[in-house]
Amino acid sequence: MIRTHQAGTLRPEHAGQQVTLAGWVARRRDHGGVVFIDLRDSSGSAQVVFREEDDAHGLRSEYCVKVVGEVRVRPEGNENPDIPTGGIEVVASEVEVLSEAAPLPFPIEGASGVSEEARLKYRYLDIRRQQLGDALRIRSKATYLVNEVMNERGFVYVETPNLTRSTPEGARDFLVPVRLQPGNWYALPQSPQLFKQLLMVAGLERYYQLTKCFRDEDLRADRQPEFTQIDIEMSFVDQDDVMELGEALIGRVWKETLGYELPSPLPRMTYADAMARFGSDKPDLRFGCELVDLTDYFKDTTFRVFQNEYVGAVVMPGGASQTRKELDGWQEWAKSRGARGLAYVLVQEDGFGGPVAKNLSEAETAGLRAATGAEVGDAIFFAAGARHASRELLGAARLEIGRRKQLIDESQWSFLWVVDAPMFEDDGEGGWTAVHHPFTGPKPEWSDNFQDHPGEALAYAYDMVCNGMEIGGGSIRIHRAEMQQRVFDVLGISKEEAESKFGFLLEAFKYGPPPHGGIAYGWDRICMLLAGGESIRDVIAFPKTASGFDPLTAAPTPITPAQRKEAGVDATPKA
RNA sequence: GGUCCUGUAGAGCAGUUUGGAGUGCUCGCCACCCUGUCAAGGUGGAGGUCGCGGGUUCAAGUCCCGUCAGGACCGCCA
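Once a new chain begins, its residue numbering starts again from 1 and follows that chain's sequence as written. Key to labels: chains lettered from A, ligands numbered from 1, both in the order written. Reporting in this predicted model follows two pLDDT cut-offs: at least 70 for local features of residues, and 80 or more for side-chain atom pairs to be given and counted; totals over whole chains, interfaces and linings ignore these cut-offs and use all residues. With hydrogens and water stripped out, all remaining heavy atoms of the structure feed into the side-chain values.

Engineer: Is there a simple way to think about the overall build of chain A in this case?
Structural biologist: Helix and strand definitions here come from DSSP, where helices need a minimum of 4 consecutive H or I residues and strands a minimum of 2 consecutive E residues; each element is numbered from the N-terminal end. Counting its secondary structure elements, chain A contains 14 helices and 22 strands. Considering only C-alpha atoms, chain A reaches an extent of 90 × 75 × 50 Å along its principal axes. Summary of the burial criterion: residues with accessible area below 20% of their type's maximum are buried, those above 50% are exposed, and those between are partly exposed, where the area comes from a 1.4 Å probe applied to protein chains only. Looking at chain A as a whole, 47% of its 575 residues are labelled buried. Note on contacts: a residue pair qualifies if any of its non-hydrogen atoms lie within 4.5 Å across the two residues. Within chain A, residue pairs in contact and separated by at least 24 positions form 66% of the contacts whose partners lie at least 6 positions apart. For every accessible area listed, the method is Shrake-Rupley and the probe measures 1.4 Å; residues are considered covered only by the protein chains on display. Accessible surface for chain A amounts to roughly 28500 Å². Of this, 49% is attributable to carbon and sulfur atoms. Counted charges follow a simple rule, with Lys and Arg positive, Asp and Glu negative, and His plus the chain ends left uncounted. To locate a charge, take atom NZ for lysine, CZ for arginine, CG for aspartate or CD for glutamate. Charged side chains in chain A number 63 positive and 86 negative. The centres of these two groups are separated by 3 Å.

Engineer: I'm lost on the packing of helix H5 (residues 239–258) against helix H13 (residues 523–531) in this one. Help?
Structural biologist: A pair of packed helices is captured by two measures, namely the crossing angle of their axes and the spacing between those axes. Relative to each other, H5 and H13 sit at 30°, their axes nearing to 11 Å. Taken together, the axes of H5 and H13 lie roughly parallel to each other. Two packed elements cross with a definite hand, and for H5 against H13 that hand is right-handed. Every residue of H13 that contacts H5 at Ile-250, Val-253, Trp-254, Thr-257 and Leu-258 is listed here: Ile-526, Leu-529 and Leu-530. Asp, Glu, Lys and Arg are counted as charged, while Ala, Val, Leu, Ile, Met, Phe, Trp, Tyr, Cys and Pro are counted as nonpolar; the rest, among them Gly, fall into the polar class. Taken together, the residues that form the contact of H5 with H13 break down as seven nonpolar, one polar and no charged. Angles shown run from 0 to 180 degrees and are taken between the N-to-C directions of axes, each axis being a line fitted to C-alpha atoms and, for helices, limited to the stretch in contact. Orientation labels follow simple angle bins: below 35 degrees gives roughly parallel, above 145 gives roughly antiparallel, 65 to 115 gives roughly perpendicular, and whatever is left gives oblique. Two helices cross in a left-handed way if the nearer one is turned anticlockwise from the farther one by less than a right angle. They cross in a right-handed way if the turn is clockwise.

Engineer: Any chance you could explain the UniProt feature "binding site: ATP" (unreviewed entry) in chain A here in plain terms?
Structural biologist: UniProt positions are given in the numbering used here, feature names are shortened, and annotations may be inferred rather than shown by experiment. UniProt feature "binding site: ATP" (unreviewed entry): in the numbering of this structure it lies at Arg-215, Asp-216, Glu-217, Gln-224, Glu-470, Gly-522, Trp-523, Asp-524 and Arg-525. For Asp-216, the position within the fold is in the loop between strand S9 (206–214) and strand S10 (226–235). On the basis of relative accessibility, which here comes to 29%, the residue Asp-216 falls in the partly exposed class. Ignoring anything within four residues of it in the chain, the contact list for Asp-216 reads Arg-172, Asp-173 and Phe-174. Counting through the fold element by element, Trp-523 comes out in helix H13. Trp-523 sits in the buried class, given a relative accessible area of 1%. Once residues within four sequence positions are removed from consideration, Trp-523 is found in contact with Arg-139, Ala-142, Thr-143, Val-146, Leu-210, Thr-228, Gln-229 and Ile-230. For Trp-523, the side chain forms a polar contact with the side chain of Thr-143, separated by 3.3 Å. Under the rule applied, a polar contact is a pair of N or O atoms within 3.5 Å (in protein, one hydrogen donor and one hydrogen acceptor; residues adjacent in sequence only if both atoms are side-chain atoms).

Engineer: Please clarify how the protein's contact with RNA strand B should be interpreted in this entry.
Structural biologist: As a matter of local geometry, RNA strand B sits amid 48 residues, with Arg-29, Arg-51, Asn-78, Glu-89 and His-436 nearest to it. Here the atoms of RNA strand B within 4 Å of the protein split so that 54% fall in sugar or phosphate, with bases taking the remainder. In this structure, a base nitrogen belonging to RNA strand B sits 2.4 Å away from a side-chain N or O atom of Glu-89. The separation between a phosphate oxygen of RNA strand B and a polar main-chain atom of Ala-546 is 2.8 Å. Broken down by secondary-structure element, the contributors of at least two residues to the surface near RNA strand B are strand S1 (18–30), strand S2 (34–41), strand S3 (44–51) and helix H1 (116–121). Considering each element in turn, the surface near RNA strand B owes the most residues, four residues, to S1. Its residues assigned to classes, the surface near RNA strand B comprises twelve nonpolar, 16 polar and 20 charged. Here, proximity means that at least one heavy atom of the residue falls within 4 Å of the molecule or strand.

Engineer: Would you explain the pattern of salt bridges in this entry?
Structural biologist: It is possible for side chains bearing opposite charge to pair when their charged atoms get close. Within this document, salt bridges are pairs made up of a side-chain nitrogen of Lys or Arg and a carboxyl oxygen of Asp or Glu, the two lying within 4 Å of each other. Applying the stated criterion across every chain yields a total of 43 salt bridges. Put simply, Arg-477 and Glu-233 hold a salt bridge, and the shortest N to O gap is 2.7 Å. With Arg-477 in the loop between strand S21 (469–476) and helix H11 (481–491) and Glu-233 in strand S10, this residue pair connects regions lying 244 residues apart in the sequence. Of the residues examined, Glu-233 reaches a relative accessible area of 0% and is grouped as buried. When salt bridges that share partners are traced, they join Arg-27, Arg-40, Glu-62, Glu-109 and Arg-128 into one network.

Engineer: Help me understand the sheet that holds strand S14 (residues 343–348) in this model?
Structural biologist: Backbone hydrogen bonds are what pair the strands of a sheet, in a parallel or an antiparallel way. Taking strand neighbours across the sheet as the criterion, the five strands line up as S12-S13-S16-S14-S15 in an open arrangement whose pairing is antiparallel. Every other strand in the sheet has two partners, leaving strand S12 (292–293) and strand S15 (351–353) as the edge strands with one partner each. As paired strands, strand S13 (residues 310–316) and strand S16 (residues 379–385) are joined by seven bridges and run antiparallel to one another. Note that in S16 the partner of Gly-312 across the bridge is Ala-383. The strands touched by helix H10 (residues 387–404) within the sheet are S12, S13 and S16, with S13 carrying the most contacts at an inclination of about 5°. Whether two strands pair comes down to DSSP finding at least two bridges between them.

Engineer: Before we go on, may I ask you to explain the environment of Arg-119 in this structure?
Structural biologist: One can find Arg-119 in helix H1. Separated by 365 residues in sequence, Arg-119 and Gln-484 have C-alpha atoms that sit 49 Å apart. Setting aside its immediate chain neighbours within four residues, Arg-119 contacts Phe-106, Val-114, Asp-126 and Asp-538. A distance of 2.8 Å separates a polar atom in the side chain of Arg-119 from a polar atom in the side chain of Asp-126.

Engineer: Mind showing me how you'd approach the side chain of Gln-239 here?
Structural biologist: With respect to the secondary-structure elements, Gln-239 resides in helix H5. Ignoring sequence-local partners within four residues, the contact set of Gln-239 consists of Arg-268, Val-419, Tyr-460, Ala-461, Tyr-462 and Ile-476.

Engineer: Just to check I follow, could you spell out the domain arrangement of chain A for this structure?
Structural biologist: One widely used convention gives an interface's size as the accessible area the parts lose upon coming together. Along its sequence, chain A is carved into domain 1 (12–99), domain 2 (132–269 + 415–561) and domain 3 (287–405). An automatic or database domain assignment provides the domain bounds reported here. Once you take the C-alpha centre of each, domain 2 and domain 3 turn out to be 37 Å apart.

Engineer: Help me out: how do you make sense of the nonpolar core in this one?
Structural biologist: Grouped burial of nonpolar side chains is what soluble globular proteins tend to show. The term nonpolar core refers to a set of buried residues drawn from Ala, Val, Leu, Ile, Met, Phe, Trp, Tyr and Cys, joined through side-chain atoms within 4.5 Å. In this structure, Val-146, Ile-232, Trp-254, Phe-415, Trp-417 and Tyr-521 are the most contacted members of the largest nonpolar core, which totals 44 residues. Judged by nonpolar contacts, the second largest core, of 24 residues, contains Trp-333, Leu-342, Tyr-344 and Ala-379.

Have a look at this one:
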């Protein structure tokens, strides 16, 4: 090794030792006769002192240097209690510049306000900064913990292919041309879903993998075109078994990275409750402002807007003092979400304000505060219309209220399971579509008759939710051909279609498939939560921008005509 | 596909409402001074395609149109 010690590990007990350090010039304080350099390596940093004759004036930020010197306790009064190595300094006797650094595109030390574009282009410098470096270290630590827990529990780590076949359902596939078979294409997996079920047929019983998944959809703060899942599948299990494992896994990760003890067992909420109370299938329980169902309350109303399948409300504490501009802003906000607007009343000392108030009868206004729990000074937002859409609107309004009024306690963790989601939802064209995926089983009580009531049947599925974010989701799968056929029937998938899309899975299920179920956790999102990031880009070493561009490598790039020809991009597949 | 925000020196910003000389701030960079700092300090200096293209105007960073890039959201993401 070039060095004998790591800078961040030096303490007063090292005093008197001759050490060799290697790292980067973090900060320099040049006093002419004496020069201080903070030498940083992956362990932290330590102050190195040079005297005039050492000629350290030429050292610049982020030069990579080797320093030989003696550790000593700092002179009386010069200790810095704010840093771990503040009790000592290294008196340099020798310095070697291992490599120089050009002027930096942004500071490594100090100020954090740098555009993400610049940070991505010089990602290696961004990672040199403490925040991102720490985030990647937390991610690494958490990854080891996952492997530890899964190993302890007897899971078999299996790698599944990244070059596989396109399955038409779900997200858009990334496609890869195949030179050896011009005109034929691989797809990158959206998840190893079918493979892990095959591994259950294969008798492995317990499978897991930290695996990349690929989906060619528009990006968001919590979505990248390639992302990582902890993919898990288990045989001979019930829902409770998968949930127990998940709690143990996530609990261990939170405990050993953040020292936070997960409540055990985690609270469970049904999908129906979550929608009714929070207008979301992934409720953030860190604050109140629950939705109020006023459908009954307004059942005899003369106000036509409220003569609807569903009328609900959410209260904004202190919302009555909003300016006209702010209240108009809510209308714009609602319209941007595809709603007509967001009716509201303001609860004032002398009655109700706002344009909707005059449409309500005396009897309706009289009980409104009691019905909604609103206090003087609050605003009440209403949504009326189709039940599901109205609740989603109110749920989104609730989150917006939480943000604007800073009701969310960011120091809290709110974990829960959301269970009993519907199996199917209206596809808007008179048919049904799978809420989870077509291999998700019904809850046991629906196993015989889900096909007769597709709108009501509940899936044997579960989502783990943390702070209003879905961090994992799974289900108990169908393992009987007869039941799978009934699901395909509901979804309008013909035998031929099923055969062509999932034939290999159905074939496998002829050979004694065990009952099985599993779950997949969104690893980037989990690491983002652990690292306190605002975007999964904050925990990914080399992420892409919202348009799928990588500013560092400038990928994607055009291909040459020769590459195009060789790859067989334009070839017609043989019949 | 849609809505909104942003783009000014290497970084972060102000200036754009009300058009008038690239006007300014903090940091960084370069030179010099400086023997106890730790966001060191001082003096001086360099550094600009105001994202790009077009238009209006005597005059555009500023107004208009288009476009590109980044970000947030809606659609989408079984």
